[in-house]
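What follows is each chain in one-letter form.
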Amino acid sequence: REYYAWLLALTAGMFGVFAARDVLLFYVFFEFTLVPLYFLIGIWGGPQRRYAANKFFLFTFVGSVLTFAGIMYLALRAAQIAHSDVLDFDLMRLSSLALGQLSATEQSLLFIAFFCGFAIKVPLFPLHTWLPLAHTEAPTAGSVLLAGVLLKLGTYGFLRFSLPMVPQGALAWAQVMGGLAIAGIIYGALCCWVQRDVKKLVAYSSVSHLGFCMLGMFSLLPVGLSGSVLYMVNHGLSTGALF
């Protein structure tokens, strides 16, 4: 019963992330997905389950704290510009503010703050080390949701927040992001070659595939963005099915 309760809680958290039209609500759901998966891996996982669960939790949580700082800064700047005492986290309003009012340096720093939370979730090379362990130790249903949907929270974050909210920051860091994506593609593929454990093989192939997603996204071309979104859907279906 507890196992299915945590699975349903995880599903609810994932729905919340994609449905949120408010940046703070998005962040709450984004963080909430950590809790059910931590228990799913830690209680029903394989022999190294405790280590895998702790590593997954610490990696994701530390990155997300910096993302939260970026969100708060954005909301405070919005209130300051509007001469308001109320913090407003509406997604559309913050996007339009960032486009018109933030300097290139502010956008660049905000991009790094968002990167810390989203890149670990993707996971982008070299922040991917928690993934093979989490995949291998998680129960299969947890692995399916982790590979099929949870990894897309990072790419969705970049697509929904980093690119529209801080476009100058995204432009400034596009080459670095492309380089990291290519490194991830090659490294993930080379690691796949030597795996004996099928779950680990799928995990490293995910690092490689999501490198392609990020590479398409940070080409900053319409065809690259469309391809990136399509790749996310393809990867979710095929990798989930492989598990």
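Structure shown above.
Remember, predicted model here, so these are calculated numbers, not experimental data. (Residues numbered from 1 in each chain as written. Predicted model: local features only at pLDDT ≥ 70, side-chain atom pairs only at ≥ 80, totals over all residues. Heavy atoms only, no water.)

(A) A look at the nonpolar core. Counting residues in each nonpolar core, the largest one holds 63 residues, and the members touching the most others are Phe158, Met214 and Phe218. With 10 residues, the top contributor of residues to this core is helix α8 (residues 140–165). Excluding residues within four positions of it along the chain, phenylalanine 158 makes contact with Phe111, Phe115, Phe118, Ala119, Val122, Leu163, Pro164, Met177, Met214, Met217 and Phe218. (Core = buried A, V, L, I, M, F, W, Y, C linked by side-chain atoms within 4.5 Å. Buried < 20%, exposed > 50% of the residue type's maximum accessible area, 1.4 Å probe, protein only. Helix = DSSP H or I, 4+ residues; strand = E, 2+ residues; numbered from the N terminus. Contact = heavy atoms within 4.5 Å.)

(B) Representation of a nonpolar patch on the surface within the structure. A cluster of nonpolar side chains, Phe32, Val35, Phe39, Ile43 and Trp44, forms an exposed patch at the surface whose accessible area comes to about 390 Å². The element that contributes the greatest number of residues to the nonpolar patch is helix α3 (residues 34–44), accounting for 4 residues. Along the chain, phenylalanine 32 turns up in helix α2 (residues 23–32). On the basis of relative accessibility, which here comes to 35%, the residue phenylalanine 32 falls in the partly exposed class. (Patch = residues over 30% accessible without salt bridge, like charges linked within 9 Å, V, L, I, M, F, W, Y side chains within 5 Å. Areas by Shrake-Rupley, 256 points an atom, 1.4 Å probe, with all protein chains shown as cover. Salt bridge = Lys/Arg side-chain N within 4 Å of Asp/Glu carboxyl O.)

(C) Layout of the side chain of threonine 33. Relative to the assigned elements, threonine 33 resides in the loop between α2 and α3. Not counting residues up to four positions away in its chain, the partners in contact with threonine 33 are Leu10, Gly13, Met14, Lys121, Leu150 and Leu153.

(D) Broad picture of the packing of helix α7 (residues 130–137) against α8. Viewed as axis vectors pointing N to C, α7 and α8 meet at an angle of 140°, and their least axial separation amounts to 8 Å. By the criterion of interaxial angle, the relationship of α7 to α8 is oblique. Here Trp130, Leu131, Ala134 and His135 of α7 lie close against α8, whose contacting residues are Ser143, Leu146, Ala147 and Leu151. In the contact of α7 with α8, the residues fall into 6 nonpolar, 2 polar and no charged. (Axes fitted to C-alpha atoms, helices over the stretch in contact; angles between N-to-C directions. Parallel < 35°, antiparallel > 145°, perpendicular 65-115°, else oblique. Nonpolar A, V, L, I, M, F, W, Y, C, P; charged D, E, K, R; others polar.)

(E) The arrangement of unusual backbone geometry in detail. A cis geometry characterises the amide bond from valine 122 onward to proline 123, with omega recorded as -10°. Looking at the element boundaries, proline 123 is found in the loop between α6 (104–121) and α7. Residues phenylalanine 125 and proline 126 are joined by a peptide bond in cis, for which omega reads 5°. Tracing the backbone through its elements, the reader meets proline 126 in the loop between α6 and α7. The phi dihedral of leucine 220 falls on the positive side, at around 55°, and the residue is not glycine. Tracing the sequence through the fold places leucine 220 in the loop between α10 (198–217) and α11 (222–242). Leucine 220 sits in the partly exposed class, given a relative accessible area of 31%.

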